[in-house]
Structure formats: structure tokens, C-alpha cells
Amino acid sequence: MKIGFPRALYYFEHFPFWAGFFNYLDIEVVTSPSTHRQIMDEGLKKASDETCLPLKLLAGHIRFLKNVDYIFLPRIVSVEANTYTCPKFLGIPESVLPAVPEGMNVLTVTLNWRNGKRQVLKELEVLGSQLGKSKSDVRKAFRAGLECQHKYQDSMGAGWEFEKSLRESNQPSIIKKPKDGGLNPDKERLRIALVGHSYLTHESYANLNLLNKLREKADVELVQNVNSEDVESHLSELRKKIFWSHSKQIFGAGKKFVLDQKIDGIIYLTCFGCGTDSMIQELVSRKARENHKPYMVVTLDEHSGEAGLVTRLEAFLDMVERRRAHEGYVSTYGKCLDRDSNAL
Ligand code: SF4
């Protein structure tokens, strides 16, 4: 049996779990190819106009899953206690059904970690029974999936590479977490934090290869490099809890980067149509302004052009470098040069 797994959205976070789970059950997992122009075009045709870019990409990837018995589209309600995923996540699979080729079967399961592990396991047992698997096999597959996922998450750290980690997390060898020096820090090089959803920062077609371009010029820190204790400790000042798990991680990590003296600047990567980012981006930008941290927002959509992005990136990095060189300079008026030019 072959299950098609679209290379979009939750692929960037939970694929190791699902690959480990299905492989244990002797089910082959087939992913769609890396994003290219036709995938994007198909997604634009099949997804609703109002939705966000990652969901459009998901619709496109569904179109490119061929020769499989099922397309797997889980509904992930929550991944931890006290938070939910964003409403557009909750709308899957219904919101992307128009993209499913005629006659193709959809396999889905609702996972809500707020209800506890036992309930999640029950849902998976129902899924397993549809595939002709016994409860005991599903339980073992669940453990195998969690092991792969933990291995993948443990590998995150400075110098972490998404594709490499993903490949290795489904192999038996233990991945070693890069030490703090994984980036091989060079004092001369800039240190930039790229803040945003994993399915934007690691989707190199949609983000016009921003991460690699940035890595050529600077050491890059990502939201995924920040552990949950650090995230929690930076949420304490909020008067209200953040409901959405991704946004919580992004705000906590973003604030940590703002306060970290070793980070020279922050780039917030977002996309049109993202409701949660419209609020969180503003919160992170205020923090950056208050702390005089150079900050830039890059908003992606299906029309984003590479030339414009490169120009903005170079201008931003020039500004950050200038800031670093002149930060200690105090003019005769008693103000630091460039003090107010911290945002582009
Ligand atoms: S968090 Fe934003 S980008 Fe992600 S699925 Fe929701 S609306 Fe789309």
C-alpha cells in the first residue's frame, strides 16, 4: 500500500512522525516533489483566493501525488496542551478537497493533543483499522513514529539543516545535536535571526531561496533552534496567552532574538493571508523598535520577485553592518549614529 504525503505545511514539522508510523505498519510513504512553478500554479487554481500561500501550496502538492492508494490529509487540532493550531490548519482536509484528483481516496485522522495521548492513540487505532492493522501494531507504530519525531527535534540547534535532519531522523543512527559552536561562529560575520513558520523559512521555492541567500552572508538563527523553555520564559510579560502553537513559538523566539546582544538583526518572514502573523508580526516589531534592533519584514505571495528580495536583503544587511560599526559612536548631540534607522 502507498500513501501520498504532500510536501507542504505539516510536512516541515511532523513528517518524521508519520513516516516512522506508516513505515512500521509496512506502508510506503510517497511524497510529492519539491515545489516548482507548476505546483504553485495548480495550487492557485484549486485553492480558495482568500487563503494563505502555504495552503495554496498544499493544494498544488496534492495534485502532484500520483500512483498512490490514498492521499493523507490529517486534521491537526492541537500539538500540546492549552494551544490550538491556526484556524486554517483546522479546516484541512475539507478546505483542500477541491484539489484532490477525482476518484482518489483521502485518508484523514483528527489529532488533538489537548485531549491527551490516550485519545490520540484511540484516533490512530481507528485510522489503523481502516488500513487493516491491529491495535497492537498501531501502538507500536505510534512509538516508532514518536521516536523518529524526537530524534528529528533533538537534532535542531545551531547549524541545523532541515533536509539533512529529516533524512536522518528516519534512520536508526542517532543524530547528534550540534553544539552551540555548530555555526562555527566568526566574530566578523553578521548574525541574523530569520523568524517565521517552518513551512515558509524552509520552503525555498516560495521564499525565493531566502535562507540560503542569507546563509551566504551571515550566520542564521531560526525559530526552530530555540527550545521550549526559552520560548516559555519570553512569554511571561503577555497579559493574555497566545492561543496558537506556532505563534507562541514565533513570538517567544522572536523576543529572545530581540534581547540577544549577539543577534545583529531580525528578518520576519510572513505571507499574505496569514491571520495569526498579522498580530504576532506587529508584536515582534514593537519589541524590536523598543530595543533598537534592526528589523525587516518580508511578505511572500505567489507574485514575489527575486530581484526585489535581493535588493532589500542587501540594503538591510548593509544597514545592519553600518549599525554594528557605528553603534559605539556618539555624536556631538549625544545620540548614537543610526539610532533611529533600525527598520527598513
Ligand atoms: S498560520 Fe498563517 S500561514 Fe500558517 S496556515 Fe495559518 S494562516 Fe496559513
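Scroll up to find the structure this text is about.
Residues numbered from 1 in each chain as written. Predicted model: local features only at pLDDT ≥ 70, side-chain atom pairs only at ≥ 80, totals over all residues. Heavy atoms only, no water.

Once that is clear, we can look at the packing of aromatic side chains. Inspection of the entire model under this criterion finds 18 aromatic pairs. Relative to Phe-72, the ring of Trp-18 has its centre 4.7 Å away and its plane inclined at 65°; by these criteria the two rings are edge-to-face. Of this pair, Trp-18 sits in helix H1 (residues 11–24) while Phe-72 sits in strand E3 (residues 70–72), placing them 54 residues apart in sequence. In this structure, Trp-18 and Phe-72 share a single accessibility class: buried. Taken together, a centroid distance of 6.1 Å and an interplanar angle of 50° make the contact between Phe-89 and Tyr-199 tilted. Of this pair, Phe-89 sits in helix H4 (residues 87–90) while Tyr-199 sits in helix H8 (residues 198–201), and the two are 110 residues apart along the sequence. The same class applies to Phe-89 and to Tyr-199, which are both buried. Its end group placed over the ring of Phe-64, Lys-66 keeps NZ or CZ at 5.2 Å from the ring centre. (Phe/Tyr/Trp six-rings, centres within 6.5 Å; stacked < 30°, edge-to-face > 60°. Helix = DSSP H or I, 4+ residues; strand = E, 2+ residues; numbered from the N terminus. Buried < 20%, exposed > 50% of the residue type's maximum accessible area, 1.4 Å probe, protein only. Lys NZ or Arg CZ within 6 Å of the ring centre and 35° of its normal.)

So, on to the sheet that holds strand E1 (residues 2–5). Within the open sheet, the four strands sit side by side as E2-E1-E3-E5. Their pairing is parallel. The sheet is open, and its two edges are formed by strand E2 (28–31) and strand E5 (105–107), each paired on a single side. When the angles between neighbouring strand axes are averaged without regard to direction, this sheet yields 35°. Here E3 pairs with E5 via three bridges, running parallel. Residue pairing in the sheet places Ile-71 in a bridge with Val-106 of E5. (Pairing = 2+ DSSP bridges. Axes fitted to C-alpha atoms, helices over the stretch in contact; angles between N-to-C directions.)

Structural measurements only, silent on function.
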